[in-house]
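# A structural walkthrough
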Number of protein chains: 2
Amino acid sequence: MRLSLTQENLARALASVGRVVSTRTSLPVLSNVLVATDGNRLRLSATNLEIGINYWIGSKIEQQGSLTVPARLFAEFVSSLPHGNIELSAIDNVLTVQTPHYESKINGISAEEFPLIPTITSDPVLSLDAGLLRDALAQVVVAASADEARPVLAGVYMYTEEKNLFLVATDSYRLAEKRVELEEEPAKGFSVIVPARTMQELVRLLGDASDVVEIYLDENQVMFRIGDVELVSRLIEGQFPNYRQIIPQKAETSFDIDTAEFLRITKVASLFARESAGSVKLEIKAEGEVSIMSSDSEVGGNKSSAECEVAGDDGEISLNARYLTDALSVMKTPQVTFAISGKLSACVISPTGEDVVDDYLHIVMPLRT
Amino acid sequence: MRLSLTQENLARALASVGRVVSTRTSLPVLSNVLVATDGNRLRLSATNLEIGINYWIGSKIEQQGSLTVPARLFAEFVSSLPHGNIELSAIDNVLTVQTPHYESKINGISAEEFPLIPTITSDPVLSLDAGLLRDALAQVVVAASADEARPVLAGVYMYTEEKNLFLVATDSYRLAEKRVELEEEPAKGFSVIVPARTMQELVRLLGDASDVVEIYLDENQVMFRIGDVELVSRLIEGQFPNYRQIIPQKAETSFDIDTAEFLRITKVASLFARESAGSVKLEIKAEGEVSIMSSDSEVGGNKSSAECEVAGDDGEISLNARYLTDALSVMKTPQVTFAISGKLSACVISPTGEDVVDDYLHIVMPLRT
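Bear in mind the structure is a predicted one, so any value in this text is a computation, not a measurement. (Residues numbered from 1 in each chain as written. Chains lettered and ligands numbered in written order. Predicted model: local features only at pLDDT ≥ 70, side-chain atom pairs only at ≥ 80, totals over all residues. Heavy atoms only, no water.)

### Quick word on the interface of chain A and chain B
Interfaces are often described in size by the accessible area the parts lose on coming together. Contacts between chain A and chain B engage 32 residues on the former and 32 residues on the latter. Of the roughly 2,600 Å² buried at the junction of chain A and chain B (both faces included), carbon and sulfur atoms supply 49%. At the surface where chain A touches chain B, the tally comes to 2 salt bridges. Residues A:Arg274 and B:Glu76 are paired through a salt bridge, measuring 3.0 Å at the closest nitrogen-oxygen approach. (Contact = heavy atoms within 4.5 Å. Buried area = accessible area lost by both parts, 1.4 Å probe. Salt bridge = Lys/Arg side-chain N within 4 Å of Asp/Glu carboxyl O.)

Here it is as structure tokens:
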């Protein structure tokens, strides 16, 4: 293998690819990144066996070849180099990296030991704006379960319905649903569950990309392609809960409030809710005020209030402050609506304001007190 | 106790005072901050028994009093509040914090249980510009020892000589000496060893203060006063090593180099020096190049070079890359001089360039290879 490319391109690719690398693994080759020529481009690949990534970089290839090298060392080294041209060459699984003032030899492992990262060759099921998908996913993935006890809850449910893409996640204590309106109805609708970790990685990978992202599916896998990058992941098998039935259809009490102010009083209240594992009580007064109460026999207690515009009667509900903080942190609008239907029904947080599209809702289950 | 003050002032004071609080302590009151009226000001105090801090804030005092409350909770709470006026009141060691929309009760401990933070009432031994002292200390404290095996090495040696204040630290592997020229010779010279942790805290406390800092001394203690803040610390007893004798007086080989470039090649080399605990070899070629070599049987090896202006013969020396990185990271000038006198003598790094004052040197002991 012998080729040259720019430090800027290689450093950027290694930073993206390196996040997928297994850090704790009994199989040393999984800590490595595959460096392989592919026609007139260089391909970097990494996998943790659940997620795989392929990243192609334009290069001047003089001799084809491949090997794997420790991902972290290679990335740190390249990111430390000055901008400009870098020459890579490999003999006997040792990678030589050369610039006018730097020469390194990095011991690698044969490319043959690297697991195959599958690709999907069928047509994409959907193409959409990368920024749109990133923002939508970031609003949803927060509600996915962090544990694998119920595998479907550790994923993001992604399906199409007419001209809409829906993204849904729930850990059974809260639920987030985002609707993305598509430019046209997809030729073939679909419905899959993608691991939340894949989606978190995708959000980072989409970064500030302004490209289009293409989504590919086969029976067990999903692939996202953004320009010269492919992210491949297994799908989660199983049936996503019929979540629509738990979305309350009417509200006894609701209020519109400044999002930042609501987040602030929630955060303050949570400081005094550690003993109670985050339990806080919201009291809504019809004349236009919401108060959040928390108390902790050890540290003390707090009552924080904010003005708001109430529709309906007085009301109250007990919640986990963390779920409310998470929900408010991903709201994009300066104002939100918070709606409840008694102490035992789920509450709904949704964007509000003039010209705001009704395309997102976040549900938090109440605590019984 | 009953008083009012602004959120901005209280939050700033709590952030400074909170850093001194013991986080792991068997004595609960040491995790607390003392809140006490003092004439027409509020005094916040914290101590970890080695360092103590007193911070006065202008307040509208309505009723004198004092108590202690958990420092971290109080600081987090106040920093979350909106700007504006805050009312504090205390009854039976419960602190009530009130603003128009927030009311908290924080359980405290009686002020009587809080250790006395001593003060020094004699005249200051020195007054100097806060920014000057902060920058000088930051260049020196990095060389102090992190362990207490030899207590004097875990401190910064601070002494006056004619119109100069000297700050010196060494962990026996490297040494940093800074000379600060004073406006006038102090009436009474002094020579003390201040714990490095105190100096690190002082660097943070001086922050971007543009005030004057006054230094007070008594037999066992030092006090730094910046405006309405006092930092009090024990002194380290013992004799600082006679360090001047290890400063090489002449150089066989030296070179002037761009500081950032030298730092960059050192950092790159250190990536390949993990197995050898940081050991790298510098090779200086009289025709104007320095190379840093490192190798690691597991990961590989590296040679990084940079152009420089050499005086004297070819030379080489082995060093710990971390010490060189630390030294270069605190250099303030775009160019530095690196000087050696054979493989077994200490090397000297010092600022260089037109109009550069010769007031700092950093010595690193060689590794025997």
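### Comments concerning the pairing of strand β18 (residues 253-258) of chain A
Residue and element names in this part refer to chain A. When β18 meets strand β22 (residues 309-312), the two strands line up antiparallel, connected through 4 bridges. Bridge pairing in β22 places Asp-256 opposite Glu-309. The pairing of β18 with strand β24 (residues 335-340) spans 6 bridges and is classified as antiparallel. By the bridge assignment, Phe-255 is partnered in β24 with Phe-338. (Pairing = 2+ DSSP bridges. Helix = DSSP H or I, 4+ residues; strand = E, 2+ residues; numbered from the N terminus.)

### Details of the sheet that holds strand β16 (residues 221-226) of chain A
Residue and element names in this part refer to chain A. Strand order in the open sheet formed by 8 strands is β6-β2-β3-β4-β17-β16-β15-β10, with antiparallel pairing between adjacent strands. The open sheet has two free edges, formed respectively by β6 (66-70) and β10 (126-129), since each of these has just one partner strand. Between one strand axis and the next, the sheet turns through 20° on average, direction left out of account. When strand β4 (residues 51-58) meets strand β17 (residues 229-234), the two strands line up antiparallel, connected through 5 bridges. By the bridge assignment for β17, Gly-52 is matched with Val-232. (Axes fitted to C-alpha atoms, helices over the stretch in contact; angles between N-to-C directions.)

### Details of the domain arrangement of chain A
Residue and element names in this part refer to chain A. Taken as a whole, chain A is organised into domain 1 (2-113), domain 2 (126-243) and domain 3 (247-364). In this structure, domain 1 and domain 2 have C-alpha centres spaced 29 Å apart. Counting from both sides, the interface comprises 11 residues of domain 1 and, opposite them, 13 residues of domain 2. Counting the surface lost from both domain 1 and domain 2, the interface buries some 1,100 Å², and carbon and sulfur atoms represent 49% of this. Summed over the three residues of domain 1 that lose the most area to domain 2, namely Arg-19, Glu-50 and Ile-51, the buried surface amounts to 50% of that side. Our enumeration of links across domain 1 and domain 2 arrives at 4 salt bridges. Its salt-bridge partner being Glu-201, residue Arg-19 comes within 3.1 Å of it at the nearest N-O pair. Connecting domain 1 to domain 2 are 7 residue pairs in polar contact (both at pLDDT 80 or more). If you tally residues by element for the side of domain 1 that touches domain 2, the top one is β4, at 6 residues. In the side of domain 1 that touches domain 2, the residues fall into 5 nonpolar, 3 polar and 3 charged. (Domains from an automatic or database assignment. Polar contact = N/O pair within 3.5 Å; in protein donor to acceptor, adjacent residues only side chain to side chain. Nonpolar A, V, L, I, M, F, W, Y, C, P; charged D, E, K, R; others polar.)

### What about a negative patch on the surface?
Residues and elements named next belong to chain A. Among the surface-exposed residues, Glu-252, Glu-287, Asp-313 and Asp-314 lie close enough to one another that they form a single negatively charged patch. Tracing the backbone through its elements, the reader meets Glu-287 in the loop between β19 (279-285) and β20 (289-296). The exposure class of Glu-287 is exposed, given its relative accessible area of 67%. (Patch = residues over 30% accessible without salt bridge, like charges linked within 9 Å, V, L, I, M, F, W, Y side chains within 5 Å. Areas by Shrake-Rupley, 256 points an atom, 1.4 Å probe, with all protein chains shown as cover. Lys, Arg positive; Asp, Glu negative; His and termini not counted. Charge placed at Lys NZ, Arg CZ, Asp CG, Glu CD. Buried < 20%, exposed > 50% of the residue type's maximum accessible area, 1.4 Å probe, protein only.)

### Focus: the relation of the copies chain A and chain B
For the pair chain A and chain B, the best superposition has an RMSD of 0.0 Å and corresponds to a rotation of 180° with a translation of 0.0 Å parallel to the axis. Taken together, the rotation and translation relating the two chain copies correspond to the operation of a two-fold axis. A high fraction, 100%, of the interface residues of chain A reappear at the interface in chain B, so the copies pair face to face through one surface. (Least-squares fit on C-alpha atoms with pLDDT ≥ 70 in both.)

### Focus: the pairing of strand β12 (residues 164-170) of chain B
All names here are of chain B. Where burial is concerned, most of β12 is hidden: 7 out of the 7 residues are buried. Turn length for the strand β11 (residues 155-161)-β12 hairpin, with the two strands adjacent in sequence and antiparallel, is 2 residues, and the turn residue Glu-162 shows positive phi of about 50°. The pairing of β12 with strand β13 (residues 174-181) spans 7 bridges and is antiparallel. Paired with Ala-169 across the two strands is Ala-176, which belongs to β13. Hairpin connection between β12 and β13: a loop of 3 residues separates the two successive antiparallel strands, and Ser-172 in this loop has a positive phi of roughly 85°.

### Let's talk about the confidence of the model for chain A
Mean pLDDT for chain A: 95, with 100% of residues reaching 70 or above. Two numbers describe this predicted complex: its pTM, 0.91, and its ipTM, 0.88. (pLDDT = per-residue confidence, 0-100.)

### Details of the pattern of salt bridges
Considering all chains together, one arrives at 50 salt bridges over all chains under this definition. Salt-bridge contacts for B:Arg197 lead to B:Glu148; the nearest nitrogen and oxygen are separated by 3.4 Å. Of this pair, B:Arg197 sits in helix α4 (residues 196-206) while B:Glu148 sits in the loop between α3 (130-140) and β11; the two residues are 49 residues apart in sequence, bridging distant segments of the chain. Using a relative accessible area of 40% as the deciding quantity, one classes B:Glu148 as partly exposed. A cluster of three or more residues bridged by salt bridges with shared partners is formed by A:Glu50, A:Glu148, A:Arg197 and A:Arg234.

### Regarding unusual backbone geometry
Residue and element names in this part refer to chain A. Positive phi is not limited to glycine here, since Ser-172 has a value of about 85°. Here Ser-172 shows up in the loop between β12 (164-170) and β13 (174-181). We classify Ser-172 as partly exposed; its relative accessible area is 42%. Of note in the backbone geometry, Ala-277 takes a positive phi value of approximately 55° without being a glycine.

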